[in-house]
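Structural overview
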Number of protein chains: 2
Amino acid sequence: MAELMTRRRLLALLGSGAALAAKPSLAVVSTQAEAPLQPFTGPGPNPYWNGVGPYVTYPQKLPLQRLTDRPIQLETPRQYFTEAFTPNAAFFVRYHLSVIPNEIDLAAWRLKLEGNFSKPMELSLPQLLHDFKPVSIAAVNQCSGNSRSRFQPRVAGGQWGNGAMGNAMWTGVRLQDILERAGIGRGTVQIQFEGLDHGVGPVDKGSGRFMKSFDATDAILGKAIVAFLMNGEPLPMLNGFPVRLVVPGKFATYWTKHLTFIRALTQTDNNFWMNPAYRIPATPGGNVTPEAMATGKIKTVPIGTVDMPVRSFIIEPDGSAPLIRNMPAQIRGIAFSGRGRITKVEVSTDDGKTWQHATLGQDHGVYAFRTYTYLWTPKSAGAFTLAVRATDQTGSVQTDQAVWNPGGYLWNRIERQEVTVLSA
Amino acid sequence: MAELMTRRRLLALLGSGAALAAKPSLAVVSTQAEAPLQPFTGPGPNPYWNGVGPYVTYPQKLPLQRLTDRPIQLETPRQYFTEAFTPNAAFFVRYHLSVIPNEIDLAAWRLKLEGNFSKPMELSLPQLLHDFKPVSIAAVNQCSGNSRSRFQPRVAGGQWGNGAMGNAMWTGVRLQDILERAGIGRGTVQIQFEGLDHGVGPVDKGSGRFMKSFDATDAILGKAIVAFLMNGEPLPMLNGFPVRLVVPGKFATYWTKHLTFIRALTQTDNNFWMNPAYRIPATPGGNVTPEAMATGKIKTVPIGTVDMPVRSFIIEPDGSAPLIRNMPAQIRGIAFSGRGRITKVEVSTDDGKTWQHATLGQDHGVYAFRTYTYLWTPKSAGAFTLAVRATDQTGSVQTDQAVWNPGGYLWNRIERQEVTVLSA
């Protein structure tokens, strides 16, 4: 039996043009148990598609990569993104606070509409189920900090790879229908959302309560739903059981889990999670320089004032095995945008010099993952850099421009994948 | 924060009608790291959908459940079966022998046609790619022993749950085209297949070589392909890189991994893996009793002489969370048959007393997984037993009849899932 290779040695070999040139026809893979990826601390960008957390299992979940323990943050491994819908058991988890619900007494649970409503009310789950018309929408839930580990220079915050995203079919009640029943009072400036997760200690101070608000005039309130089903099943506890807010096109920070309080505010919400947290520079693409930020003169706005930019990802091939010259290979993955339907996905096999149209998969709606495939038959051996870029119906297209802002938000640079083609 | 619960306690609670009657509206789930499932040794059937192996990671693979280490046997967790195609990284692994290839030198590798061919030949990978017309087929690869842990009384062999199966789009060369080029010699009675995996010690004795054969007149030879792509990518090493035999409708034991030798035999193959291994009673459905087997009078035949029976599985809901009364829930999963297209999937929510038609998903071909969905809105709280049965175009339909044979093969009884519905 051939010498066994560690994953690190394997990666080194596959990544080394010299080694390949020396032995171009060797397809190597170890079958030994995989060694954990080497942690990275920078200063360079994370070189892996995912973050480097260990696999852990939680109830209702497949093994996911743990970013942090308290609060719980779990990243979805790359391989789950070959299909348009992300399994509930593989869906990423991101909490901000350490106290999270482990059980819900549905007989006691109520969705509470408080504050400046003409008819403040408490809705039971049966009321949500019976008294409103159910609706469904496929929508991507993506952490604002997804891909933060690419930022240069490095920024603080969870060093997510690309796995802090997922697409599900959400079923629930239109937020607008609920708000209309409660009657938004004159003078309401924002609608605030809060769930059951909270911090240790007094919950009414500082950052111990996770509250998010939209302006009362924001059109997104007409698109949001209070979801009680995720891909046809009750939401996993770690994804917000019994109901969570679904805000199509917006980042996940607004998708309040365990949604329990909806408040009509007569003043702008300035709690920690609205200000200073989750703000972006009021610049094109949220882009700025560290130097400009340091001046203290850059105006910021809540990230909820923008929609998610267009993105696309190569899922396969993933570089774990070489391709073979003259053997057709399917390049595939997903694309999405918070700004409109995906209209085009292009693939490059020469590091972005030239682009070819990929074939788009089924259209599951404006806010869903759209799968794509591109059949590539490499005509020569060697190292290749694949790239993918998507365009949405607003004409937004991904570029090679890296974004930078202190929160590590809005990353949407063109993604690349190194692959090796053997001569066979 | 509520008392934390172990998974075992949670399962006990959810499974206990008494506990639920006492507190019917409590939806409970722990967010603590999941405890390993309790191993089971019988004498009863494995109560879990999957086997109870620990999650392990291997190169090119997501964490899978390890059944055995040498030979490597890895089971696919239930949650991967919501879609028609099983990701390569999640595809189950089953070797028989402990020495498996860790690297392949493609410049030296050849597919060798030996024995009673008129033109014995060696084909390089480039020849396979260039000299033949490529074809693709979606087909289920299922271990003969899939679900063996259900057998009563228990039988020897790997105690698989239901996860020793997967569906992929296989691309390669028709076996028939290769055989025709080599010219099957007069007097050939069987065609034999062997790969690179082998046993420790002399490979020419006993069971140290894994060889499988079909009769030269078997129509299956006209359907088989020598596949070099799996879902558009080179096969993972653990699934048979660089080529494996794909035998649509037949059990996986014939899907030779790392296929390297194709032999035209002039005598019936009686090597260990054809006889006594992988044989079934020549009885309807391969069914027999331990007592009848003990008489030594039961005639057996290779499992390759039959096609896989029709099967279907409930993937969601999986019992990890309660359903809610009056809340629509999507029952979904997959069905397949080695005997013909899936024409009907029926779901029962009352333990098989009454059945309703499920909606079939996209048809990916006769031999592929066919997804199904059934929307169920439970109208009362309590414990329910879901069941699913499939029918194929030959009229074969699953029944509640448990099969038994000493190999633990051909299990296809109607699958069930206990769920709890809370009153909310």
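Source: prediction; values computed, not measured.

The rules behind these values
Residues numbered from 1 in each chain as written. Chains lettered and ligands numbered in written order. Predicted model: local features only at pLDDT ≥ 70, side-chain atom pairs only at ≥ 80, totals over all residues. Heavy atoms only, no water. Helix = DSSP H or I, 4+ residues; strand = E, 2+ residues; numbered from the N terminus. Rg over C-alpha atoms; globule rule 2.2 N^0.38 Å. Buried < 20%, exposed > 50% of the residue type's maximum accessible area, 1.4 Å probe, protein only. Contact = heavy atoms within 4.5 Å. Lys, Arg positive; Asp, Glu negative; His and termini not counted. Charge placed at Lys NZ, Arg CZ, Asp CG, Glu CD. Pairing = 2+ DSSP bridges. Axes fitted to C-alpha atoms, helices over the stretch in contact; angles between N-to-C directions. Least-squares fit on C-alpha atoms with pLDDT ≥ 70 in both. Salt bridge = Lys/Arg side-chain N within 4 Å of Asp/Glu carboxyl O. Buried area = accessible area lost by both parts, 1.4 Å probe. Polar contact = N/O pair within 3.5 Å; in protein donor to acceptor, adjacent residues only side chain to side chain. pLDDT = per-residue confidence, 0-100. Phe/Tyr/Trp six-rings, centres within 6.5 Å; stacked < 30°, edge-to-face > 60°. Arc of directions from axis to C-beta.

Regarding the overall build of chain A
Scanning chain A for helices and strands turns up 5 helices and 27 strands. Here the C-alpha radius of gyration of chain A, 23 Å, is about what a compact globule of 424 residues would show, namely 22 Å. Each principal axis of the C-alpha distribution contributes one length, and for chain A these read about 75 × 45 × 40 Å. Across the 424 residues of chain A, 61% fall into the buried class. Long-range contacts, defined here as pairs at least 24 residues apart, represent 71% of the contacts in chain A between residues at least 6 apart. Within chain A, one finds 42 positive and 31 negative side-chain charges whose respective centroids are separated by 3 Å.

Topic: the sheet that holds strand S8 (residues 121-123) of chain B
Residues and elements named next belong to chain B. Across the sheet, 5 strands lie side by side as S8-S7-S16-S11-S12; this open sheet has mixed pairing. For this open sheet the edge positions go to S8 and strand S12 (209-215), each flanked by a neighbour on one side alone. Averaged over all pairs of adjacent strands, the angle between their axes in this sheet comes to 20°, without regard to strand direction. Each of strand S7 (111-115), S8, strand S11 (190-198) and strand S16 (261-265) touches helix H4 (residues 175-182); the most contacted strand, S7, lies at about 50° to it.

Some points on the relation of the copies chain A and chain B
Superposition record for chain A on chain B: RMSD 0.0 Å, screw rotation 180°, translation along axis 0.0 Å. Taken together, the turn and the small shift mark the pair as related by a two-fold rotation axis. Within chain A, the C-alpha atom positioned nearest to the axis of rotation is that of A:Pro63, 3.3 Å from it. Interface overlap between copies is the fraction of interface residues in one copy that are interface residues in the other; for chain A against chain B it reaches 100%, indicating a shared surface.

A word on the pattern of salt bridges
One pass over the structure, following the stated rule, counts 26 salt bridges over all chains. Put simply, A:Arg263 and A:Glu114 hold a salt bridge, and the shortest N to O gap is 2.8 Å. Here A:Arg263 is found in strand S16 (residues 261-265), whereas its partner A:Glu114 is found in strand S7 (residues 111-115), with 149 residues between them in sequence. Note on A:Glu114: relative accessible area 28%, which makes it partly exposed. Its salt-bridge partner being B:Arg263, residue B:Glu194 comes within 2.9 Å of it at the nearest N-O pair.

Digging into the sheet that holds strand S19 (residues 311-316) of chain A
Residue and element names in this part refer to chain A. Pairing in this open sheet of 4 strands is antiparallel, and the strands run S19-S21-S25-S24 from one edge to the other. The open sheet has two edge strands with one neighbour each: S19 and strand S24 (359-360). One ladder, built from 2 bridges, connects S24 with strand S25 (residues 370-376); its direction is antiparallel. Following the sheet pairing, Leu360 is matched in S25 by Tyr372.

Quick word on the interface of chain A and chain B
Of the residues lining the interface, 70 residues belong to chain A; the matching set on chain B comes to 70 residues. Carbon and sulfur atoms make up 61% of the surface buried where chain A meets chain B, a total of about 6300 Å² over both sides. Scanning the region where chain A abuts chain B turns up 5 residue pairs in polar contact (both at pLDDT 80 or more). Listed by contribution, the elements that provide at least two residues to the side of chain A that touches chain B are strand S1 (26-28), strand S6 (103-105), helix H3 (125-130), strand S13 (225-230), strand S14 (233-234), strand S20 (323-324) and strand S21 (329-336) of chain A. Ranked by residues supplied to the side of chain A that touches chain B, first place goes to H3(A) with 4 residues.

Topic: the confidence of the model for chain A
All names here are of chain A. Residues with a pLDDT of 70 or more make up 90% of chain A, whose mean pLDDT is 90. Here residues 1-26 is modelled with pLDDT under 50, and outside its nearest four sequence neighbours on either side it reaches 39 contacts, counting other chains as well. A low-confidence stretch, residues 30-34 (pLDDT under 50), is modelled with 23 contacts involving residues beyond four sequence positions or located in other chains.

A short note on the environment of B:Ser144
Residue and element names in this part refer to chain B. In this fold, Ser144 is placed in the loop between strand S9 (134-142) and strand S10 (165-174). On the basis of relative accessibility, which here comes to 1%, the residue Ser144 falls in the buried class. Along the primary structure Ser144 and Ala164 are separated by 20 residues, whereas in three dimensions their C-alpha atoms are 8.6 Å apart. Those residues in contact with Ser144 that sit more than four places away from it in its chain are Phe251, Thr253, Tyr278, Ile303, Gly408, Tyr409 and Leu410.

So, the packing of aromatic side chains
Residues and elements named next belong to chain B. Within this structure, the stated rule accounts for 31 aromatic pairs over all chains. Taking 5.9 Å as the distance between ring centres and 85° as the angle between the ring planes, the aromatic pair formed by Phe91 and Trp170 counts as edge-to-face. Here Phe91 is found in the loop between strand S4 (73-75) and strand S5 (93-94), whereas its partner Trp170 is found in strand S10, with 79 residues between them in sequence. Overall, Phe91 belongs to the buried group, its relative accessible area being 0%.

Some thoughts on H4(B)
Residues and elements named next belong to chain B. Those residues of H4 lying buried are Leu175, Ile178, Leu179 and Ala182. Along the axis of H4, the buried residues cluster in a sector spanning 95°; they form a single face. Gly183 occupies a position one or two residues after H4 and carries a positive phi of about 75°.

Comments concerning the side chain of B:Asn239
Residue and element names in this part refer to chain B. In this structure, Asn239 sits in the loop between strand S14 (233-234) and strand S15 (244-246). Given a relative accessible area of 1%, Asn239 falls into the buried group. A polar contact of 2.6 Å, which involves the side chain of Asn239, links it to the side chain of Lys61. Of the polar contacts made by the side chain of Asn239, one reaches the backbone oxygen of Phe92; its length is 3.0 Å. Beyond its immediate sequence surroundings of up to four residues, Asn239 is in contact with Lys61, Asn88, Phe91, Phe92, Val93, Met230, Arg244 and Lys257.

A look at unusual backbone geometry
Residues and elements named next belong to chain A. Looking along the chain, the bond that leaves Phe241 and enters Pro242 is cis, with omega of 0°. Positionally, Pro242 belongs in the loop between S14 and strand S15 (244-246). With omega at 0°, the peptide bond leading from Glu316 into Pro317 counts as cis. Positive phi outside glycine occurs at Asn231, with the angle close to 55°. As for its placement among the helices and strands, Asn231 is situated in the loop between S13 and S14. A positive phi angle, close to 50°, is found at His258, a residue other than glycine. Structurally, the position occupied by His258 is in the loop between S15 and S16.

Focus: the environment of B:Leu422
Residue and element names in this part refer to chain B. Within the element layout of this structure, Leu422 appears in strand S27 (residues 415-422). Assessed through its relative accessible area of 1%, Leu422 is described here as buried. Separated by 95 residues in sequence, Leu422 and Met327 have C-alpha atoms that sit 10.0 Å apart.

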